[in-house]
Amino acid sequence: MPIVKSVADLMKIKEQAKEKIQVRKTADSESKVVLKVAMGTCGIASGAKETFSALIEEIDKRKLNNIIVVQTGCMGYCHSEPTIEVIEPGKDSIIYGKMTKDRAGELIQKHIIDGELLQDSIIGKTHQVAK
Amino acid sequence: MPNVIINDIKVEVPENVTVLEAIRLSGGYVPTLCHMKLDDIKIENNPASCRICMVEVAGRRNLAPACVTPIAEGMVIKTHSKKAVNARRTVLQLLLSNHPQDCLKCAKNGQCELQDLASELFITTNPYMGNKSTHKKDVSAAIIRDPSKCIMCRKCETMCNSFQTVGVLSAVDRAFDAVVKPTFDLPLEQTNCTFCGQCVAVCPTGALVAHTYIDEVWQEIDNPKKHVVVQTAPAVRVAIAEEFGYEPGTISTGKLVSALRALGFDKVFDTDFAADLTIMEEATEFLDRIKNGGYMPMLTSCCPGWVKFLEHQFPSLVEMPSSAKSPQQMFGAIAKSFYAEKNNIDPKDMTVVSIMPCIAKKYEAGRPEINSSDEYKDVDYVLTTRELARMIKEAGLNFDTLPEGQYDSPLGESTGAAVIFGRTGGVAEAALRTAYEWITGKNLEAVEFEAIRGYEGVRVAEVKVGERTVRVAVSHGLGNTRKLLEDIQAGKLQLHLIEVMACPGGCVGGGGQPFHHGNFDIIKKRTEALNRADRNMPIRKSHENPAIKALYEEYLGKPASEKAHHLLHTHYLEREWL
Amino acid sequence: MGKYKQFILICGGTGCSSSGSGDIIDSFNKALEEKGLKDEVQIVRTGCFGFCEQGPIVKVLPDDTFYVKVTEKDVENIVNEHIIKGRRVQRLLYVEPSEKEKIEEYIKMPFYKKQIRVVLRNAGAINPENVEEYIANDGYSALAKALTEMSQDDVLKSISDSGLRGRGGGGFPTGMKWSFAKRAKGDKKYIICNADEGDPGAFMDRSVMEGDPHSVIEGMSIAAYAIGAQKGYVYIRAEYPLAVQRLRKALNDAREYGFLGENVMGTNFSFDIEVRLGAGAFVCGEETALIHSIEGKRGEPTSKPPFPANSGLWKKPTVINNVETLAQIPVILLKGADWFRKLGTEKSPGTKVFALAGAINNVGLVEVPMGITLREILYEIGGGIRNNKQFKAVQTGGPSGGCIPAKYLDTPIDFDNLIALGSMMGSGGMIVMDEDTCMVDVSKFYLEFTVDESCGKCTPCRIGNYRLHEVLERITSGRAVIEDLDKLEQLGNVIKDTALCGLGQTSPNPILSTINYFRDEYVAHIQDKKCPAGVCKNLIRYDINPAKCVGCTACARVCPVQAITGTVKKAHVIDQDKCIKCGACYATCRFGAISKI
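Residues numbered from 1 in each chain as written. Chains lettered and ligands numbered in written order. Predicted model: local features only at pLDDT ≥ 70, side-chain atom pairs only at ≥ 80, totals over all residues. Heavy atoms only, no water.

## Some remarks on the overall build of chain C
This is how the line gets drawn: Each helix is a run of DSSP H or I of at least 4 residues and each strand a run of E of at least 2, with the numbering of both proceeding from the N terminus. We compute the radius of gyration over the C-alpha atoms and compare it with the globule rule, which gives 2.2 Å times the number of residues raised to the power 0.38. Three labels apply to residues, based on accessible area from a 1.4 Å probe with only protein chains included: buried if under 20% of the type maximum, exposed if over 50%, partly exposed otherwise in between. Residues count as neighbours in contact if any of their non-hydrogen atoms are within 4.5 Å of one another. Each accessible area value is a Shrake-Rupley result obtained with a 1.4 Å probe; residue values ignore everything except the protein chains displayed when judging cover. Just so you know, the count uses Lys and Arg for positive and Asp and Glu for negative, and it drops His and the chain ends. Where a charge lies is defined by one atom per residue type: Lys uses NZ, Arg uses CZ, Asp uses CG and Glu uses CD.
Helix and strand counts for chain C stand at 24 helices and 19 strands. The C-alpha atoms of chain C give a radius of gyration of 27 Å, which matches the 25 Å a tight globule of 597 residues would have. On the principal axes, the C-alpha backbone points of chain C span a range of 85 × 65 × 40 Å. By the burial criterion, 63% of the 597 residues in chain C qualify as buried. For chain C, contacts bridging at least 24 residues in sequence account for 69% of all contacts bridging at least 6. By element, 49% of the accessible surface of chain C is carried by carbon and sulfur atoms, the whole surface being about 21900 Å². Counting 74 positive and 73 negative side-chain charges, chain C places the averaged centre of each group 4 Å from the other.

See the structure below:
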């Protein structure tokens with residue numbers, strides 16, 4: 001029995017499969033939004049891994065597809081871990097501190113979707129992050 | 001009907017013709033080399049590979065091969081523009097550059113299409129000489145292959161594969177050394193080759209030629225100790241004159257006989273005599289099979305190419321053919337027994353030569369099981385019609401002024417039934433003329449059986465013989481024969497008698513006849529000549545031949561007697577399909 | 001089974017596979033297993049990324065890091081530093097030669113910046129052995145659209161309007177070919193995919209077959225629907241075992257999912273595909289020879305007309321399309337003919353995949369819009385000439401094409417422009433030649449190929465090409481006369497005018513185009529008995545300058561035929577009769593005492 005018996009079947013499989021590889025596609029797009037989660041030792045100790053997972057969950061929940069979450073090394077703001085750098089094309093990047101996993105939803109909803117900065121969590125950039 | 005312009009002349013041509021056909025219909029000319037169309041037997045060799053017939057077509061960047069380019073309304077064609085002629089010459093020079101330059105020693109000297117073309121295009125220099133491909137020669141008793149002379153025209157491949165369905169010859173290897181040869185370059189004698197010689201009949205160069213025995217026959221004639229007799233097949237007398245410029249279909253029996261006598265043969269006999277003998281034996285066998293429930297249908301066995309085909313391809317049917325030998329072989333057996341004894345000649349001092357339209361006969365004479373004695377061969381040498389013509393020229397005889405000679409007795413008398421052996425349907429007709437009278441006991445008035453005449457590949461007819469209905473089939477070409485046999489094996493046809501000839505049109509189209517160069521009309525004219533000869537014979541039924549009656553009375557007793565069996569019958573082998 | 005957070009894409013094309021990407025994948029799997037990261041990081045073996053010069057290639061997503069020349073030993077490093085700690089491994093990043101800048105994201109690389117990957121859309125992005133990844137990327141959606149929303153004529157119109165021309169070399173309008181076949185009468189019709197890819201140095205089709213086989217299956221299915229065919233064949237050369245394997249897997253998956261077989265996706269369209277392997281004959285890439293090969297006959301071309309669209313496989317209407325042509329069909333149907341027309345030029349819309357090879361820095365596969373100039377491809381995408389040598393010519397179109405010199409570098413590439421320059425697009429091979437290339441030797445090299453691959457059927461190709469080669473052999477060994485040059489041109493032109501098939505008709509092209517643009521090199525070989533590029537062995541001479549030779553004996557020791565004599569500290573001498581021109585002495589001398597003239 002063929003697995004795809006109709007166009008509807010095809011579309012269903014497509015939706016499911018798309019989710020799995022969507023992240024790879026977005027990465028190639030020039031207009032993507034990048035959320036960089038610092039994953040140095042201090043970050044991990046402060047729960048950055050959980051933040052990372054939570055961000056992904058929130059993005060999936062809202063079916064956003066132009067945004068990726070990336071882990072990087074320590075950005076140097078060890079005093080405010082976990083830290084997240086939000087890079088949007090055409091704008092200056094913003095660094096947020098103390099972004100534990102319960103704040104993931106807020107970041108996505110307020111900053112990404114509503115376009116409102118989380119003023120009280122912004123950390124001033126004190127240095128250029130060495131790549 | 002499309003209107004085209006050929007060499008600045010407007011012509012209207014039929015729909016769906018090629019540029020080549022249009023050129024010819026308009027009275028124009030363009031040379032060809034690989035093209036061959038034999039409509040009557042539905043054979044076309046059209047690989048468009050030689051690239052000689054290239055013509056210029058307005059609006060087309062490159063040249064067009066006339067043989068395969070379809071005509072279109074408004075086409076403007078130039079057959080001999082500077083570009084076309086230059087290309088044609090270059091292509092021919094390329095062919096010549098990879099060809100042995102030994103015309104003066106080649107068996108096809110004077111009859112080679114490549115040579116003719118070089119002469120026609122007046123090739124006096126060749127800037128493209130270089131390395132040549134080397135191949136080894138293959139010499140068999142009947143056919144000699146020299147692949148270094150192959151020009152990849154594929155005519156032999158077409159005859160062997162499409163017409164004969166034997167499939168021994170095909171293009172092998174690629175690039176510069178590509179030639180047509182048997183698989184693994186095996187010698188023909190190790191393949192399924194039937195030696196039908198149709199490859200030789202169509203090969204334009206000396207790549208495929210018959211194995212000639214002219215020198216050996218001269219030696220025999222010059223040897224005073226040898227009594228050399230010669231027999232002539234029916235199909236020779238209606239073709240040999242072509243080699244001397246006569247129209248195809250000229251009957252020159254008388255000149256043939258006096259030429260042979262002048263060459264020095266001690267006796268000039270006629271294979272036709274033995275053809276009547278063959279009918280006596282075969283008709284007897286046929287009646288015996290009908291009466292006593294023997295193997296049906298009975299197949300004629302006078303064509304050695306056909307016999308070898310059966311042995312390789314349908315070995316389970318080796319009981320089907322008549323056990324009677326072919327006329328050539330029967331003649332040899334009778335000459336070295338009856339004739340020799342009557343004239344006090346030791347058969348070991350006799351040489352029997354046959355003049356045949358056929359190449360397979362050269363092979364047949366060498367079959368070990370065919371001879372009637374362990375001490376000598378029934379037939380020593382077989383010469384083709386073409387070889388005889390060369391001997392006549394070598395002896396300086398003027399064919400035009402040769403007198404009308406008569407065959408010698410007692411092996412020179414024959415009937416109309418015998419002479420039509422040379423064409424497809426002839427053997428069956430001859431057999432029916434005798435079988436009819438033997439079965440019904442009545443005189444047969446209508447001796448011409450139209451229903452089995454013609455050029456269709458397989459012809460089937462029902463002949464009323466008294467109370468019985470005899471179903472007869474005639475096929476020419478081994479491909480057609482294969483279909484017939486397969487139908488019989490599948491039970492689709494119930495037949496009593498089948499005549500098979502391997503060559504197109506029968507023996508008149510044999511591999512040893514003057515070359516037809518793709519013109520089937522020549523074969524048709526020879527056929528019509530045989531029918532004319534038949535009508536002109538006083539006796540037209542084999543069993544009425546007084547010399548045959550005398551042979552039985554004096555020597556053999558009756559057909560199928562023990563002596564007849566020993567001398568005039570043979571058996572066949574189950575051969576592998578290689 | 002948690003959501004994957006990271007993806008490691010490793011190139012599984014033939015190039016990188018033979019450089020060990022298989023072992024790299026195994027190492028990654030092991031390392032991730034050890035570190036307990038198997039559920040977070042997905043390893044994907046993809047098709048060819050195209051940047052073959054820099055393989056094996058590993059790409060990490062989503063942060064889009066492009067690692068080049070990765071070895072098995074680097075895996076540990078990548079896992080520890082990049083995956084776990086989030087720090088890119090700098091030494092594995094691509095360094096752009098002119099700026100000496102490290103580039104991480106591949107879309108910023110000059111190699112990829114100007115490329116528009118339509119045919120290669122999935123190569124390097126998905127796992128070719130996973131049909132669902134293909135589906136996720138709009139796979140089989142075009143087929144679904146064709147079968148349920150479009151009539152046969154709608155599909156034909158879409159392809160015709162797009163202006164797509166065959167990518168196998170002929171450049172024949174695909175829509176027109178399909179229309180002929182649809183109109184032709186026949187109880188059976190066939191689609192054949194020509195995956196024989198015989199041009200030496202060409203590997204476009206191979207990369208598509210290895211990296212995205214489903215795109216070809218889908219393209220064939222759409223073609224079959226449009227013309228009314230029930231059966232398809234992929235004729236693929238046996239020298240591509242990896243592509244054959246990926247294709248067979250894809251066919252099995254397609255059947256399992258119901259994209260091939262009876263009643264595809266619930267419609268009354270039924271179609272299936274069979275694989276046929278080639279047997280090492282370049283000529284079987286010619287469509288009629290290919291057809292006869294499938295029929296079990298000798299792989300020889302036959303005259304056209306009749307054309308396969310009217311009378312092809314077993315004398316039935318048959319469409320034969322190249323792999324690259326078929327791979328674009330689904331995209332054209334989904335995005336529309338107008339979208340396709342926006343790419344490329346008016347007479348040659350769309351993109352073309354080129355295989356860049358030879359004396360160029362960035363050897364690999366590139367897909368660019370038609371109309372891009374040769375200069376852009378060679379210098380911007382290709383990264384310029386290797387080792388800073390001088391550009392001499394670029395050969396396009398394989399053994400059927402010609403060489404294009406520097407003065408035409410600003411020509412926009414399309415079918416017609418290349419023909420006007422005496423070359424052709426062919427299947428997309430682009431061999432770059434520098435100052436060290438001898439153009440006479442180049443034409444001899446190509447001719448050796450066509451002489452060997454000639455099927456032998458027609459006189460001009462079988463014998464004519466062989467004769468051309470004999471002349472070139474004389475020229476490169478210094479035994480030619482000036483009339484030989486005219487002979488090459490005259491014979492070459494007759495062969496072009498009289499040969500039966502494309503192989504013979506185009507085989508003189510390399511010779512004719514090099515004589516046209518580099519005649520002086522031929523004259524030098526013939527009259528001066530010299531090879532200006534220093535390639536033709538019989539025309540080079542190595543000499544020791546006694547003024548510079550210090551007698552170190554290094555050259556004498558390295559000479560394989562003991563042609564150099566001399567005592568220590570005394571000038572050495574080369575015996576020209578013994579010398580085999582291998583150049584070992586020239587390469588060894590540290591004093592510049594040996595000259596090559």
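Having seen it, we continue.
## Overview of the arrangement of the chains
Comparison of the 2 pairs of chains in contact shows the highest number of contacts for chains B and C. Between chain A and chain B there is no contact, and the shortest C-alpha to C-alpha separation is 42 Å.

## Description of the nonpolar core
To be explicit about the condition: Residue types Ala, Val, Leu, Ile, Met, Phe, Trp, Tyr and Cys, when buried and joined through side-chain atoms within 4.5 Å, form a set referred to as a nonpolar core.
If you look at the biggest cluster of nonpolar residues, it comprises 108 residues, and the most contacted ones within it are B:Phe265 and B:Trp306. A total of 8 residues in this core trace back to one element, the largest contributor, which is helix H10 (residues 327-342) of chain B.

## Observations regarding the interface of chain B and chain C
To be explicit about the condition: Two parts placed together each lose some accessible area under a 1.4 Å probe, and the buried area is that loss summed for both. A pairing counts as a salt bridge when a side-chain nitrogen of Lys or Arg comes within 4 Å of a carboxyl oxygen of Asp or Glu. The term polar contact refers here to a pair of N or O atoms within 3.5 Å; inside protein, the definition further demands a hydrogen-donor-capable atom paired with an acceptor-capable atom, and it admits residues adjacent in sequence only when both atoms are side-chain atoms. Residues are sorted three ways: Asp, Glu, Lys and Arg are charged, Ala, Val, Leu, Ile, Met, Phe, Trp, Tyr, Cys and Pro are nonpolar, and all the rest, Gly among them, are polar.
Tallying the contact residues gives 35 residues for chain B and 31 residues for chain C. Each partner contributes to the roughly 2700 Å² buried at the junction of chain B and chain C, and carbon and sulfur atoms together form 53% of this total. Broken down residue by residue, the surface that chain B buries against chain C is led by B:Leu94, B:Arg174 and B:Phe176, which jointly contribute 24%. For the interface between chain B and chain C, the tally reads 3 salt bridges. The partner of C:Asp497 in a salt bridge is B:Arg61, with the nearest N and O atoms 3.6 Å apart. Between chain B and chain C we count 18 residue pairs in polar contact (both at pLDDT 80 or more) in total. The set of elements that each furnish at least two residues to the side of chain B that touches chain C consists of helix H2 (82-97) and strand S10 (170-172) of chain B. Looking at the side of chain B that touches chain C element by element, the count peaks at 8 residues for H2(B). When grouped by side-chain class, the residues that make up the side of chain B that touches chain C number 21 nonpolar, 8 polar and 6 charged.

## Regarding the sheet that holds strand S6 (residues 64-65) of chain B
Residue and element names in this part refer to chain B. Under the convention used in this document: Any two strands between which DSSP finds at least two bridges are classified as paired.
One open sheet holds the 5 strands; their spatial order is S2-S1-S7-S5-S6, and the pairing between them is mixed. Among the strands making up the open sheet, the edge pair consists of strand S2 (9-12) and S6. Pairing geometry for strand S5 (residues 54-57) and S6, over 2 bridges, is antiparallel. Each bridged residue has a counterpart across the sheet, and for Val-55 the counterpart in S6 is Ala-64.

## Structural notes on the domain arrangement of chain B
Residues and elements named next belong to chain B. Stated precisely, the cut-off is as follows: All the domain ranges listed were derived from an automatic or database domain assignment.
Entries for chain B in the domain assignment read domain 1 (3-96), domain 2 (132-210) and domain 3 (214-568). Its C-alpha centre places domain 2 at a distance of 27 Å from the equivalent point of domain 3. Remark: the boundary between domain 2 and domain 3 carries 8 residue pairs in polar contact (both at pLDDT 80 or more). In terms of residue count, the dominant contributor to the side of domain 2 that touches domain 3 is helix H5 (residues 198-202) (4 residues).

## So, the packing of helix H8 (residues 271-291) of chain B against H10(B)
Residues and elements named next belong to chain B. What counts here: In this analysis, axes come from line fits to C-alpha atoms, helices being fitted only over the stretch in contact, and the angle between any two N-to-C directions falls in the range 0 to 180 degrees. Each angle receives one of four descriptions, namely roughly parallel if under 35 degrees, roughly antiparallel if over 145, roughly perpendicular if within 65 to 115, and oblique otherwise.
Between H8 and H10, the least distance of the axes is 8 Å, while the angle of their chain directions is 100 degrees. With respect to H10, the element H8 is oriented roughly perpendicular. Facing H8, whose interface residues are Thr-271, Ala-274, Ala-275, Leu-277, Thr-278 and Glu-281, H10 presents Pro-327, Gln-328, Met-330, Phe-331 and Ile-334. Taken together, the residues of the contact of H8 with H10 break down into 7 nonpolar, 3 polar and 1 charged.

## Here we look at the packing of aromatic side chains
Cut-off, in case you're wondering: The rule is short: rings of Phe, Tyr and Trp, with Trp giving its six-membered ring, pair when the centres are within 6.5 Å, and they are stacked under 30 degrees, edge-to-face over 60, tilted in between. Here, a charge over a ring means that NZ of Lys or CZ of Arg falls within 6 Å of the ring centre while also lying within 35 degrees of the ring normal.
What the rule picks out here adds up to 26 aromatic pairs over all chains. For the ring pair B:Tyr213 and B:Tyr381, a centre distance of 6.2 Å and an interplane angle of 45 degrees mean the geometry is tilted. Of the two residues, B:Tyr213 sits in the loop between strand S12 (208-210) and helix H6 (214-222) while B:Tyr381 sits in strand S17 (residues 381-384), which places them 168 residues apart along the sequence. Pairing C:Tyr190 with C:Tyr233 gives two aromatic rings, centres 6.2 Å apart and planes at 45 degrees, and the pair type is tilted. On the criterion of sequence distance, the pair formed by C:Tyr190 in strand S7 (residues 190-195) and C:Tyr233 in strand S8 (residues 231-236) is long-range, its members being 43 residues apart. For the pair C:Tyr190 and C:Tyr233, one class covers both residues: buried. Site record: aromatic cluster; members linked through ring pairs are C:Tyr134, C:Tyr140, C:Tyr257 and C:Phe259. For the cation-ring pair, C:Arg237 lies above C:Tyr240, with the distance from its terminal atom to the ring centre recorded as 5.4 Å. Sitting over the ring of C:Phe354, C:Lys352 keeps its end group 5.7 Å from the ring centre.

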